Number of protein chains: 4
Amino acid sequence: MIMEMIKSEGIAQNSYFFGSGGEAVVVDPRRDIDIYLNLSQKHGLNIRYIFETHRNEDFTVGSLELAGVSDSEIFHGAHLDFSYGTAVMEGDTFNVGKLELEILETPGHTHESISIALRDKSVSDDVYLIFTGDVLFAGEVGRVDFFGESETPHMAELLYHSIHEKILPHGDNVILCPAHGAGSVCGADIRDQETTTVGYEKKTNPLLQINKEEFIKRKVEETLYTPPYFKQMELNNQYGAPILNRLPYMPPLNAREFSEFIENGAQVVDLRKPTSFGGGHVPETINIWREGFPAFAGYFLNYDDPILIVDDYDQPHQVWRYLIRLGYDNIKGYLRGGFPEWYMAGKDVAHLDMWSVHQLKKSQENGDEMFLLDVRKINDRRRFHIEGSHHIWVGDIPQMIREIPQDKKIVVYCDSGYKSTIAASILKKNGYSNISSVLGSMGAWLKSGYPVVK
Amino acid sequence: MIMEMIKSEGIAQNSYFFGSGGEAVVVDPRRDIDIYLNLSQKHGLNIRYIFETHRNEDFTVGSLELAGVSDSEIFHGAHLDFSYGTAVMEGDTFNVGKLELEILETPGHTHESISIALRDKSVSDDVYLIFTGDVLFAGEVGRVDFFGESETPHMAELLYHSIHEKILPHGDNVILCPAHGAGSVCGADIRDQETTTVGYEKKTNPLLQINKEEFIKRKVEETLYTPPYFKQMELNNQYGAPILNRLPYMPPLNAREFSEFIENGAQVVDLRKPTSFGGGHVPETINIWREGFPAFAGYFLNYDDPILIVDDYDQPHQVWRYLIRLGYDNIKGYLRGGFPEWYMAGKDVAHLDMWSVHQLKKSQENGDEMFLLDVRKINDRRRFHIEGSHHIWVGDIPQMIREIPQDKKIVVYCDSGYKSTIAASILKKNGYSNISSVLGSMGAWLKSGYPVVK
Amino acid sequence: MIMEMIKSEGIAQNSYFFGSGGEAVVVDPRRDIDIYLNLSQKHGLNIRYIFETHRNEDFTVGSLELAGVSDSEIFHGAHLDFSYGTAVMEGDTFNVGKLELEILETPGHTHESISIALRDKSVSDDVYLIFTGDVLFAGEVGRVDFFGESETPHMAELLYHSIHEKILPHGDNVILCPAHGAGSVCGADIRDQETTTVGYEKKTNPLLQINKEEFIKRKVEETLYTPPYFKQMELNNQYGAPILNRLPYMPPLNAREFSEFIENGAQVVDLRKPTSFGGGHVPETINIWREGFPAFAGYFLNYDDPILIVDDYDQPHQVWRYLIRLGYDNIKGYLRGGFPEWYMAGKDVAHLDMWSVHQLKKSQENGDEMFLLDVRKINDRRRFHIEGSHHIWVGDIPQMIREIPQDKKIVVYCDSGYKSTIAASILKKNGYSNISSVLGSMGAWLKSGYPVVK
Amino acid sequence: MIMEMIKSEGIAQNSYFFGSGGEAVVVDPRRDIDIYLNLSQKHGLNIRYIFETHRNEDFTVGSLELAGVSDSEIFHGAHLDFSYGTAVMEGDTFNVGKLELEILETPGHTHESISIALRDKSVSDDVYLIFTGDVLFAGEVGRVDFFGESETPHMAELLYHSIHEKILPHGDNVILCPAHGAGSVCGADIRDQETTTVGYEKKTNPLLQINKEEFIKRKVEETLYTPPYFKQMELNNQYGAPILNRLPYMPPLNAREFSEFIENGAQVVDLRKPTSFGGGHVPETINIWREGFPAFAGYFLNYDDPILIVDDYDQPHQVWRYLIRLGYDNIKGYLRGGFPEWYMAGKDVAHLDMWSVHQLKKSQENGDEMFLLDVRKINDRRRFHIEGSHHIWVGDIPQMIREIPQDKKIVVYCDSGYKSTIAASILKKNGYSNISSVLGSMGAWLKSGYPVVK
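Just so you know, these numbers come straight off a predicted model, no measurement behind them.

Hey, could you go over the environment of Arg 272 of chain D for me, with residue numbers and the actual values?
Its place among the elements puts Arg 272 of chain D in the loop between strand E16 (267-270) and helix H8 (274-279). Ignoring anything within four residues of it in the chain, the contact list for Arg 272 of chain D reads Thr 275 of chain A together with Phe 277, Gly 280, His 281, Asn 287, Trp 289, Val 310, Asp 311, Asp 312 and Phe 339 of chain D. Of note is the side chain of Arg 272 of chain D, whose polar atom sits 3.5 Å from the backbone oxygen of Ser 276 of chain D.

Give a description of the interface of chain A and chain D that names residues and reports values.
Contacts between the two partners involve 35 residues from chain A and, on the opposite side, 35 residues from chain D. Interface area, chain A with chain D, both sides summed: about 2500 Å², of which 54% is carbon and sulfur. Inspection of the region where chain A meets chain D yields 0 salt bridges. For the side of chain A that touches chain D, the elements supplying multiple residues, two or more each, are helix H8 (274-279), helix H11 (340-344), helix H12 (357-365) and helix H16 (441-447) of chain A. The leading source of residues in the side of chain A that touches chain D is H8 of chain A, at 5 residues. For the side of chain A that touches chain D, the per-class residue count stands at 12 nonpolar, 15 polar and 8 charged.

Provide a residue-level description of the relation of the copies chain C and chain D, including the pertinent values.
Structural alignment of chain C on chain D gives an RMSD of 0.0 Å, achieved by rotating through 180 degrees and translating 0.0 Å along the axis. Read as a symmetry element, the transformation amounts to a two-fold axis. Residues of chain C ranked by C-alpha distance from the rotation axis are headed by Arg 246 of chain C, positioned 2.6 Å from it. Here 100% of the contact residues of chain C are again contact residues in chain D; the copies associate through an equivalent surface.

Give a detailed account of the pairing of strand E4 (residues 46-51) of chain D, specifying residues and quantitative values.
All names here are of chain D. With 6 of 6 residues buried, E4 is to be regarded as a mostly interior element. Pairing analysis gives 5 bridges linking strand E3 (residues 23-27) to E4, with the strands arranged parallel. Within the sheet, the bridge partner assigned to Val 26 lies in E4 and is Ile 50. For the handedness criterion, the β-α-β arrangement of E4, helix H2 (residues 63-69) and strand E5 (residues 73-77) is classed as right-handed.

So what about the domain arrangement of chain A? Which residues, and what values?
All names here are of chain A. Entries for chain A in the domain assignment read domain 1 (2-239), domain 2 (252-344) and domain 3 (353-447). For domain 2 versus domain 3, the separation of C-alpha centres amounts to 23 Å. With 15 residues of domain 2 at the contact, the number on the domain 3 side is 15 residues. For the pair domain 2 and domain 3, the two sides together bury roughly 1400 Å², of which 78% comes from carbon and sulfur.

Tell me about the layout of surface pockets, and name the residues and values.
The space that makes up the second largest pocket amounts to roughly 990 Å³. Around the second largest pocket, the lining is made up of 43 residues, and of these Asp 34, Leu 247 and Arg 321 of chain C together with Asp 34 and Leu 247 of chain D lie nearest the centre. When residues of the lining of the second largest pocket are traced back to their parent elements, those giving at least two are helix H1 (34-43) and helix H10 (319-325) of chain C together with helix H1 (34-43) and helix H10 (319-325) of chain D. Partitioning the lining of the second largest pocket into residue classes produces 18 nonpolar, 9 polar and 16 charged.

Lay out the pattern of salt bridges in plain terms, naming residues and giving numbers.
Going through the model one piece at a time under the given rule, you end up with 139 salt bridges over all chains. For Arg 256 of chain D, the salt bridge goes to Glu 260 of chain D, with nearest N and O atoms at 3.2 Å. Here the residue Arg 256 of chain D and the residue Glu 260 of chain D both occupy positions in helix H7 (residues 255-263), the gap between them amounting to 4 residues, near one helical turn. Glu 260 of chain D gets classed as partly exposed once you look at its relative accessible area, which sits at 37%. One continuous salt-bridge network, built from bridges that share partners, spans Glu 9, Arg 30, Asp 32, Asp 34, Arg 321 and Arg 325 of chain A.

Describe the relation of the copies chain A and chain D, and please don't skip the residues or the numbers.
The transform that puts chain A on chain D rotates by 180 degrees and translates by 0.0 Å along the axis, for an RMSD of 0.0 Å. Both copies present the same face, since 100% of the interface residues in chain A are matched by interface residues at the equivalent positions in chain D.

I'd like a description of the pairing of strand E13 (residues 175-178) of chain B, backed by residues and values.
All names here are of chain B. Burial along E13 is two-sided: Ile 175 and Cys 177 facing one way and Leu 176 and Pro 178 facing the other are all buried. Where strand E10 (residues 127-133) lies against E13, 4 bridges are found, and the strand directions are parallel. Bridge pairing in E13 links Ile 130 to Leu 176. Where E13 meets strand E14 (residues 196-197), 2 bridges bridge the pair, whose relative direction is antiparallel. Its bridge partner lying in E14, Ile 175 is registered against Thr 197.

Would you mind going over the environment of Gly 133 of chain B in detail, with residue names and values included?
Residues and elements named next belong to chain B. With respect to the helices, strands and loops of the structure, Gly 133 is situated in strand E10. Owing to a relative accessible area of 2%, Gly 133 belongs among the buried residues under this scheme. As for Gly 133 and Asp 329, which are separated by 196 residues in sequence, their C-alpha atoms are 26 Å apart.

I'd like a description of the packing of aromatic side chains, backed by residues and values.
All names here are of chain A. Scanning all chains against the criterion turns up 93 aromatic pairs over all chains. Judged by centre distance (4.1 Å) and plane angle (5 degrees), the ring pair of Tyr 303 and Tyr 328 falls under stacked. One end of the pair, Tyr 303, is in the loop between helix H9 (293-300) and strand E18 (307-310); the other, Tyr 328, is in the loop between helix H10 (319-325) and strand E19 (331-335), and 25 residues separate them in sequence. Among the aromatic residues, those joined into a ring-pair cluster are Tyr 225, Trp 289, Phe 296, Tyr 299, Phe 300, Trp 393 and Tyr 418.

Would you mind going over helix H6 (residues 230-239) of chain B in detail, with residue names and values included?
Residue and element names in this part refer to chain B. Among the residues making up H6, those that are buried are Phe 230, Met 233, Glu 234, Asn 236, Asn 237 and Gln 238. Summarising the contacts, the buried residues of H6 are in contact with helix H10 (319-325). At the C-terminal side of H6, Gly 240 shows a positive phi close to 100 degrees.

Quick rundown of the interface of chain C and chain D? Include the residues and the values.
Between chain C and chain D, the contact holds 27 residues from the first and 27 residues from the second. A combined buried area of about 2300 Å² lies between chain C and chain D, and 45% of that area is made up of carbon and sulfur atoms. Counting across the chain C and chain D interface gives 4 salt bridges. Counting across the interface, chain C meets chain D through 13 residue pairs in polar contact (both at pLDDT 80 or more). Residue assignment for the side of chain C that touches chain D shows that the elements contributing at least two residues are H1, strand E4 (46-51), helix H2 (63-69) and strand E15 (252-253) of chain C. No other element matches H1 of chain C, which puts 4 residues into the side of chain C that touches chain D. Residues of the side of chain C that touches chain D, tallied by class, amount to 12 nonpolar, 9 polar and 6 charged.

Could you give an account of the sheet that holds strand E21 (residues 371-374) of chain B, naming the residues involved and the relevant values?
All names here are of chain B. Strand order across the open sheet formed by 5 strands is E20-E24-E23-E21-E22, with parallel pairing between neighbours. A strand with exactly one partner marks an edge of an open sheet, and here the two such strands are strand E20 (353-355) and strand E22 (390-391). As paired strands, E21 and E22 are joined by 2 bridges and run parallel to one another. Bridging from a neighbouring strand, Asp 374 pairs with His 391 of E22. Contacts between helix H15 (residues 418-429) and the sheet are confined to E20, E21, strand E23 (410-413) and strand E24 (435-438), with E24 contributing the most and set at about 170 degrees to the helix.

Describe the packing of helix H3 (residues 152-167) of chain A against helix H5 (residues 212-221) of chain A, with residues and values.
Residues and elements named next belong to chain A. Orientation of H3 relative to H5, taken along the N-to-C sense of each, is 130 degrees, at an axis distance of 9 Å. Compared by their axis directions, H3 and H5 come out oblique. Handedness of the crossing formed by H3 with H5: right-handed. Facing H3, whose interface residues are Thr 152, Pro 153, Ala 156, Glu 157, Leu 159, Tyr 160, His 161 and Ile 163, H5 presents Lys 212, Phe 215, Ile 216, Lys 219 and Val 220. Here the residues of the contact of H3 with H5 sort into 8 nonpolar, 2 polar and 3 charged.

About the thresholds
- Each chain has its residues counted from 1, following the order in which its sequence is written.
- Whichever chain is written first is A, and whichever ligand is written first is 1; the rest continue in order.
- Since the coordinates come from a predicted model, pLDDT governs what is reported: local features require at least 70, and pairs of side-chain atoms require 80 or more to be given and counted, while whole-chain, interface and lining totals use all residues.
- Hydrogen atoms and water are omitted, and side-chain values are computed over all heavy atoms in the structure.
- Starting at the N terminus, helices and strands are each numbered in turn, a helix being any DSSP run of H or I of at least four residues and a strand any DSSP run of E of at least two.
- Contacts were defined at the residue level, with two residues in contact if any of their heavy atoms lie within 4.5 Å.
- Counting of polar contacts relies on pairs of N or O atoms within 3.5 Å, with two restrictions inside protein: one atom must be capable of donating a hydrogen and the other of accepting it, and residues adjacent in sequence are counted only when both atoms are side-chain atoms.
- Note on terms: buried area is the combined drop in 1.4 Å-probe accessible area of two parts once they are placed together, counting the loss on both.
- For this analysis, a salt bridge means a side-chain nitrogen from Lys or Arg found within 4 Å of a carboxyl oxygen belonging to Asp or Glu.
- In this classification, the charged set is Asp, Glu, Lys and Arg, the nonpolar set is Ala, Val, Leu, Ile, Met, Phe, Trp, Tyr, Cys and Pro, and all remaining amino acids, among them Gly, are polar.
- Copy-to-copy alignment: least squares on C-alpha atoms, limited to residues at pLDDT 70 or above in both.
- To sort residues, take the accessible area from a 1.4 Å probe on protein chains only and compare it with the maximum for the residue type: under 20% means buried, over 50% means exposed, and anything in between is partly exposed.
- Note: two strands are recorded as paired if DSSP finds a minimum of 2 bridges between them.
- Looking down the strands as they point away from you, a crossover is right-handed if its path from the first strand over the helix to the second goes clockwise.
- Where each domain starts and ends comes from a domain assignment, either automatic or drawn from a database.
- A cavity here means a set of 1 Å grid points, computed over protein atoms only, where a 1.4 Å probe fits but cannot escape. A pocket is an open set with protein on both sides within 12 Å along at least 5 of 7 lines, and lining residues have an atom within 4 Å of a point.
- Grid points are joined across faces, edges and corners, and a volume is the space filled by probe spheres set on the points.
- Two rings belonging to Phe, Tyr or Trp (six-membered ring only in the last case) form a pair when the distance between their centres is within 6.5 Å. Interplanar angles under 30 degrees mark stacking, angles over 60 mark edge-to-face geometry, and anything in between is tilted.
- Only C-alpha atoms enter the line fits that serve as axes; for helices the fit covers just the stretch in contact. Angles between N-to-C directions range over 0 to 180 degrees.
- Roughly parallel here means an angle under 35 degrees, roughly antiparallel means over 145, roughly perpendicular means 65 to 115, and every remaining angle is called oblique.
- Whether a crossing is left-handed or right-handed is set by the direction in which the near helix is turned from the far one by less than a right angle, anticlockwise for left-handed and clockwise for right-handed.

Rendered as structure tokens:
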């Protein structure tokens, strides 16, 4: 059998292409579907079935796009009223060459969540692997907080039963194929391992070491962030996103054209690393480093105004894929040749002060006045933080900006200096002027042996 | 300045992408436009202008496709009623960065043919190069036979004037950028050189060594073939072909699905080399070797029935590009894994006898009865042929098949064995059974020192 | 953690690149090591450790090549006197970032065979996966027949203990990373699954369902082929193969140069598919289809005479990698442009008759005299065969050629028509003239419902 | 005929691969020869001849490397005592398929310089194109200052005669294939055009519009820089550089390993753009932006100490090619994951102040004290400069550093901000602390309408 895992970077989403006997199946396809068509031809497998393990909320699923090109049918769980596709129920089976797929209804993350057990009937009747969607990850389980606080205990209980009654009983040997890897916001703390098994999770997954009551308690207490773009994804994935057909073309723009777009309200994202942004940038632009773009763009970009890109590469490698996966079809272009085009045209250049952790330490020791802002996740904050710091999650900055004083020196830190630079760029865009972002942030702070408050 | 020549294989068509100062121009784009978008990003040039040197007849031009994606305008000659684009006139100029383009009306090949003179104004006012479309090639001039026999002398005279009054006067130093290279059917005998100059052509091009009367005489006497698909291309390029958006997806098909398509009237083309076809093939299929596909498919395929592909490669590399360039959007799939899928399914296998030239020679010496069929171009035939052979151009086989006896051994030769195998495959499809195709054909025959009739 | 499996096609060999914390490990590297250097840079991991699970016998290991370029050390089992590297013993551990490797001595396939258990200490002390070398595969166990018939029972017993005492006790959840996949000659019948687990093997591997006595009996009765090149690989891998540094350059040769090499004793392999070879080939050359080349070249090529290649592709894609993996450094070139170069030069062309299974059936029904030769593996032969056929394994043809009558029509079949065409090409090279190879062979025969003798 | 120009970026060097009839020629190959081997296989041409138009001084020629792999012979001019290859003389001819090469002795740039006239004998006896080496470029002629001031007039005269007597007489139509394009230091002001002709140069090349006396005068007055690494290249190219065989492997290093190399005297080059360097960098490292690396590394790096790389990309794309082309085989590695690895480890971070031109203007208007340093080429300086600035060519900074005051604010500008950042990084490494580099520099200054002194 052919089995390929397709990782969508940044959102750490896994889709799967597999097949046997000339037929292929795709699970949770992304919207730029060229990779599945290429795999179809590489392996000589005709795509016939598309499964969605649930209504995905962190990206726009590519099922309609893929079904529009290939001769295939879309399936998903029965407990949501999708505008397209066919509902499947517990115990439904599909035969694909020598493989048999069995539907397992596994609610909890959402009501309509399904898992898919795969048997290789040419080998045995034992389950070989399970596509677990957002039910069970390496080292984690799915989040259950999408339906309001009052529903959370119920969803947690559903998830507990789904895991313990539908997944685990198939045996320690069963390979798990979850919809997300490390870094995804769909699980609090997914482990950095591509492959895992029922048995390894039973031994090591902290959420599988506790009883139902404890499990529900832990899930209820869990604090997770929900980027605002999830709302749009839910609409896209329930009612169907626009068909793209072609990967969007981002034209290279010169400084004059770029300025015109800005004057007309464009949203500009600078994809460069924090030090590059610090050394010089187009005024009033947001910095989200390239690899973090898929995870953070959805907090700060809207779906209406044109989107422009600044990069250090000459060409904006991959970013249009990231954008359309998040449903942003309002892409207008990028600064040709990167940021130098901007200053070579004599345009104004803004800077951001980048501090090392040693500068921060020294400044604290000097007793310099500052508003030290911690933009890490609340869970990380809770474990320890730098003394005297205030906390606002980077994604909450736009809504909570009034809590940050305008008249003080602001010093922002996060885990590494990436998120702190996002935050700093947003503060600058909002009129704050005396800001530093700390390179290395908590990571370097700890490496340097500096103290934290636990 | 940036200057890129894009060669479309098989039809030997050249399109050009060039630019300066952030803007790019495309001349005679092909229909699979991804290459221009990639060049746009590679060079940081925004595509603004699309020129068609004339209504192309050998491929579907990609102007509308490209203009639909980029922020660009389409221009062509004034003397044809196009359904899209803007007409340009003698002396019109366009400024692109430091470059200046000047329109030269150069009728002859067609009425609306234009050439485009390019000056690099940052260097001098001298013409640097000329895009000559189908007016002047390396070692050749354009064909003038598209408007009926009675019009040919007039078109030849127009062409003579276009060359001698519009192109040559710009000076021996001027570089020529024609729309076709060696192998194109748009010129009788284009030389195999990518770059040439006005001066080199004046010294070496046989058509530039003669006076007007002789020129017209030569052009009137010229015998060139017009593949039937040209009709469709002329319609596509005057009124606009359907927009594709996405490169078509060809699904891999198993033997059963493939058979079903055949039973329902599909056209099957086998892209393998003659020896592969000879050793075994799907019965009643046409063999056109991969590299010859763009040049010969248009003689034998219609625009209505589904098109299927057999290949030796596992994946049908490039062929969908060839097809859409010729306007064939009726692509349905290919035999997955290549020809072995067919016979592994127990399907019937047909063969074609492949002869070496030595077998042919021996058979002739033995006095074996045969109908020796020469399917080369009439011009090649006129120079010399193998004694006792009959001539029908490969492209004319379908219409002239009744001239070939059904009850005799048929032996087909061409220049190399490729076209003879096309011909043989068509004869087999039409019920002829005792056929051989000669590997190496005239090339090997001459190399072996065997006699020809001049 | 990073984990990459590198599959070497044809010999179905798996090497592994993995790492953590800036350091990388390679297990059983192949000789064209560029892929590991690329992975090193892709993942930012410095290669520090190279492990050989055993002295490989089916390819030339790239350990010395890789250690010569990187700053790394080579390790292997203690129970063989290697000319290079460092011996490791049961229980030795290595720390690589957060990973811990533990050596398990697992003799049976060879005396010095080791397996390597990997723990992710950041997760738990449980074994996460085991590199099992040639000890345990998906659906199979290693072969134990390399040390002579008298040693086989002992080696089988060692293997049994290695599996049951060293591998299986680590738990059903443990992922297995074997050195070979389906198609390898290092196991009789390896399953076509990339990933498996201890538990799944315990449930499904036929060799794990039986007791020790039965296990030994089964292994002793097992009939496996040993290609002659294994001898050379064993020398290479015990004493060190020549360092290549650069991937060899195969020059394109014209027909004249090619002929000269042949006259001087070159070994010519035609990589094309059977039908291509059938339709025409360079006389007295061996046909081994491209994908089968790694598995079959070692039966027929020697290490002294120059090796030349004929292909249908214009360029001999990948074949020089296949050759150096087998230790063939005597590569001299390929026919430029493929087989047509040969016949275009007027050279003599040979043919091979390709039969469909229907022709074979009909010929049998007609009572035509023939010597029907079955060249499949003896195990496949034993299950069923076509009535009246004689059996010689394709790899044994050179040594057993005298058993094949020179004066009869020879019809060769195998599983699909690939191996039968190898056999037919060798017979032709040895002076046999009236030969047919059966396209589709047993596969198509069965699909057509024709009878077999069980 | 096949003709491919291979551009080596940064040094703007052109090598040529061409051929006919199965044989190929390479002119002035670079040291990473894989591209020629790939072209050989792509076009089915066996490399037989390697020509060096002269002893190149700006890169290490790859002739020996290429001849060691292919079956080819090396040729160069007779008037230098090379340790390898064969001398050719005026009028020597070589036949390659239908092509004829004729040697033209064209001294001036060096004594042994040759040009090569190419005729396509299948077309005519006229010269089709000339490889002009460093004799004649688009818009320029070769430099003549390598043999000491006293020799320059004589070399200039030789060059004049070579151009006027050997190149130009072949006719306006002749295509020119020079060894360098725009950006090379081997000509003062080469035009940005890939293709030119004798006639176009006669019309537009400023050096061809003047008589001999004026020509010599102009060449004598010409001020060109000679990077110190040229000395090593001359030795390499006269006596033969070490054979590499394999492209060097640069291992990814962690911050600790990187530090250790630095402590032991490694030379560290930061390839990032000026703004990235400004925002943060490893202390005491040199910044040379990636694209400028080939042109500037040779001023600042020695051949003995290990070379390390810092980049923004995760992998050091291409830089090892640049290094070996300049003969730097002492490559030791790069910071894995780029600069963040450094600060994440808590290492100290240095900054460089990046100014916009507006900051410079304002500071001047404020009457701030500063030492304004212009590091542009002397020729550019002579045309105009910013008032109050001092001039030292960037390449001369190491030798003339004492002319720069240690106690003043230093502000550096160049044409664009790239070279000024090189200069600033060297000043910082030498203990200067109060430095700014001007983004956009003269380009942005002029675009902003600020005044210059002419």
